[in-house]
Amino acid sequence: MKSFKRNKISLSLSLLAMSGHCLAANFDINQANLNNVDVNKYECKRCEKPDDYKGFVNVSSGYTDSDDIHAGNALGTSDKGAFGAVSSEFNYQGSTGYQASLTAHQLGMDNGFSRLSVGKSGLYTLDIDYSELKTNQAGDINIESYPSAINDQFDLALMRKKVGLSFDYGHDFYKVFTGYNIENKTGRQSSSLLAPTAINVGLPVDMVTQQWNAGMSLNGDNWLSEISYLGNSFHNNTDDLLEPNVGGVYAASPDSIAHHLSLSGQYNLGSTVVNGRFMTGRMIQDESLIEGFPLQNWEGEVNTLDGHLAVTSMVNNRLRVGGSAEYSKRNNESDIAAFNQYNLSTVTGKLRQNIPQDIERNTYKLNAAYRFANGYRLQAGYDLKEVERSSGDREQTNDDNMWVKLKLNVLDNLNIKLKAEHATRDGSKYEASELTSSEDNGLMRKYYLADRTRNGGEIQINHNPFEWLGIGLTTRYAKDEYDETLIGLTESEDYGYDLNMSVNFNSHVNGYGSVSQQWITSAQAGSESFSSPDWVDDIEDEFINIATGMSIGGLMQDKLTLGLDYQFSNSVSDTYVTTDALLKSQYGDYFSYNHSAKIYADYALSNQIALKMSYRYERYYDTDGAVIGVNEIPGLVTLGDINHNYNAHQVMLSFTYQLR
Amino acid sequence: MERILKKTILGVGIIIFYSTIVNATPWSDLSSEHLESKLNKKFSEGSYSKKGADSCLMCHRKNETVMAIFDGIHGTMNNELSPMAGLQCEACHGPQGKHNKGGKEPMIAFGKDSKLSASAQNSICQGCHNDPKQMAWHSSTHNLEEVACADCHTLHSAKDPALDKLSVNDTCSSCHTKEKAYMNKRSSHPLKWDQMTCIDCHSPHGSMSESALNKPTINDTCYSCHSEKRGPMLWEHAPVAESCITCHNPHGSVNEGMLKNRAPQLCQQCHAPDGHASRVVQEPGMDAFGGGKSCLNCHSQIHGSNHPSGSMLQR
């Protein structure tokens, strides 16, 4: 933060402020007219002096009744039975500016975190963080057809534990900062091995990610600059999988390290601001290759170069114009070698070589905004993104996007926003050379490279008919057409709406409600005869989310607050297959729904002690037609039924003691 | 019956009348431009109060929201950087002028009910808060959409919800309603239960990266937590190296793994060789192409393989 300076205002600046026609209002404290004020006379007798320390400690205990660890994602604990947790907040503010805070949230449950922060305001801050994050996919999986070293009884769940430290020091025009964190991720993840037939497994996960950063910033009256370094290293504690009869079955994710060095700055010319960044980076991976192959070492290296420049200017208090240019280059300088594969390339007839991919991106944006009347604003913009690939089915693609937005403040309590966009993608010849050719059907156009036309629009309405009621409605539509594609994704349509309502009857009673729906339909074509299309898949996705809640406070002489929250969502994906005009089949069910409900009562036993009782209910059901029995299909071993269908309950009693 | 109906209509009318005016300021009927012009004039004249906060609190001390400033960092008096150490209330709300004579003269107000433009409101905050965190603010989408600092941040309270891990998602999703709904899809990042936050990936003050992400590129943002996918791998999967969002929607999807489409359809949108990948999969649970993990039953190293014989991403 800039220190508070007492500046004498110049006559020219005051005249400019008074004219008010050319530039927007500027109430920057550094431009204040302080000729007639003496802050030394301010005594602040009516000000409240906060306590030097304050905080609370919260101890919770409860019981979770659930037969599926998936419920742990919502309820914060995946174990059935009793649990306990501690939360707290403690703040200390010293008389000379020193301060400290300790925050802890649900330590003892699966996703607790805590932060200790000490420092002197405006000089230095030291933060120490700890957090846990657990995601549960499925529990009690038991596969016996594979060596028990890999497949025994296990849960598909991942636990992340992270410790971090950050420090910054600075005053007025400079600041230095540094930080470090380390995260260990363990558990089991769904995967599959070819050994020699396909076997779905719960792959053990034991990974460590470290991140560190350091930098320095300098600033002046109208400029900012920063130089910073960012590092990230990955270490895998699990080994490659080898089987005596089939060789290397599975190569574990290799250790890697990435570095980024950046220089960024901003220059403020008053009504025009320029900012920019130059960054260089490197990703390195030189892990030994899996045993038993002639090539033991392979050096993987990707170098990146990024540049960004943006300008925005208030031409007058009605018109703003701006633009940006961005350059990004990914240069893959990894070793190239030929390796024995289990089959040869059908295009070249030779041993396959790895193909390091270089990617270069240039992005240009222009935008303008014009306020043509009070509360009415028109924006328009054009974006161009050019991507070049050294080896890919299409070497160059260009994405053009034109958009326009209109904001209308129809009334003080009613505003409408409209948005429309039109985008096209084209580029160089598809599969122009042997190097860029693939073994695919010549009519295939990969959707992220294919020519595409996108048209979309959005309408947003916000209305406060009364002071205590707010209503928001947003509806959107977008359609992507891949007119040049005969094999691959040919069309995709996405539309939906969100309706939100918030009610604040008074300071004690408030509520909310929302409904959201979305529909995504996609069509893709394929060919079993390696020629023109002879089958089509239509995918229809649907999603609905409903949420409502209410809290009533001020009961029992302002001691009791009651609350209720309810949420329902349903995600559906249907796939229809047409192999000729007469034959159509539909995939089996693929949907999931959940009901989540919470009721609570918060009672203040005294000014310092509060008791809270809460009950949570989670109903979850999902189904997937691809989930089948362990040995249902010859040549394939699966993890069995990992769908979910459960009711979970949790009661919790919390005791809070307010320190001050 | 008629009398009851008339009384009901009168009662509802009174409620509507008072609810629309109860929090209106005396200068609510001024247009934005007229208000800015008046406040500009006050600012340049610099008629600050004689007693600072004591002058303001003569009238405003009974308002809990006003007094809550002293619970937060902007109300501390023993910090030379705090507004309370200088012009106090008027550091942000502008010179008092004649406002204390009946409260009719406008003062600078913040938030969604303020008629001041976002840039005018923000000029006050940026007088002190102009550091590298806001370096990309001026060309950021939030600034171009005229979002004011006070639309997200609350100063007259002990805690600013935008700075609290347990409430920052609510702050973002009060406008980003689509993303709020997507948190509840079949698969999404654990934002719904505040186990992750929007600002773990995005910088609300803007950044010089795409979509205001914290890290240089989309992939670097993903690699900060999913670093096992970074590589570089011996055998790359081209769309992965290009962008993670070629296949995934990080805000949520009706499909597992936050995939835009599931295997085999997703894979068949790019792969159509003269072989099994071009075969239509009529039903999901009938064979290894549709059952279990579909294409990933064999091609499990979908993000890239470091196995010398892994060009088909099988090992």
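Residues numbered from 1 in each chain as written. Chains lettered and ligands numbered in written order. Predicted model: local features only at pLDDT ≥ 70, side-chain atom pairs only at ≥ 80, totals over all residues. Heavy atoms only, no water.

## Topic: the environment of Arg361(A)
Residue position: Arg361(A) is located in strand β18 (residues 359-373). When the C-alpha atoms of Arg361(A) and Glu326(A) are compared, they prove to be 7.9 Å apart, with 35 residues separating the residues in sequence. Polar side-chain contacts of Arg361(A) include one of 2.5 Å to the backbone oxygen of Glu242(B). (Helix = DSSP H or I, 4+ residues; strand = E, 2+ residues; numbered from the N terminus. Polar contact = N/O pair within 3.5 Å; in protein donor to acceptor, adjacent residues only side chain to side chain.)

## Points about the environment of Ser117(B)
Residues and elements named next belong to chain B. Of note, Ser117 is situated in the loop between α5 (89-93) and α6 (118-128). Of the residues examined, Ser117 reaches a relative accessible area of 18% and is grouped as buried. Along the chain, Ser117 and Val147 lie 30 residues apart, while their C-alpha atoms are 9.2 Å from each other. Polar contacts involving the side chain of Ser117 include one to the side chain of Glu36, which spans 2.8 Å. (Buried < 20%, exposed > 50% of the residue type's maximum accessible area, 1.4 Å probe, protein only.)

## Re the pairing of strand β30 (residues 609-624) of chain A
Residue and element names in this part refer to chain A. Strand direction decides the pairing type here: strand β29 (residues 590-604) and β30, joined by 15 bridges, are antiparallel. Bridged to Ser592 within β30 is Asp622. Connecting β29 to the antiparallel partner β30 that follows it, the hairpin turn spans four residues. Direction of pairing for β30 relative to strand β32 (residues 645-658): antiparallel, over a ladder of 13 bridges. Within β32, the residue paired with Tyr617 across the bridge is His649. (Pairing = 2+ DSSP bridges.)

## Quick look at the state of the cysteines
Covalent bonding between the sulfur atoms of two cysteines is what defines a disulfide. A complete count under the given rule lists one disulfide over all chains for this structure. Shown here is the disulfide that connects Cys44(A) with Cys47(A), its sulfur atoms set 1.7 Å apart. Its torsion about the S-S bond being -70°, the disulfide of Cys44(A) and Cys47(A) is classed as left-handed. You'll find Cys44(A) and Cys47(A) in the same group, each marked buried. Just so you know, Cys59(B) is unpaired, no disulfide at all, and the nearest cysteine sulfur is the one on Cys56(B), 9.0 Å from it. Classification of Cys59(B) as exposed rests on a relative accessible area of 63%. With no disulfide partner, Cys125(B) has as its closest neighbouring cysteine sulfur the one in Cys149(B), 3.7 Å distant. On the accessibility criterion, Cys125(B) (24% relative accessible area) is partly exposed. (Disulfide = S-S within 2.5 Å.)

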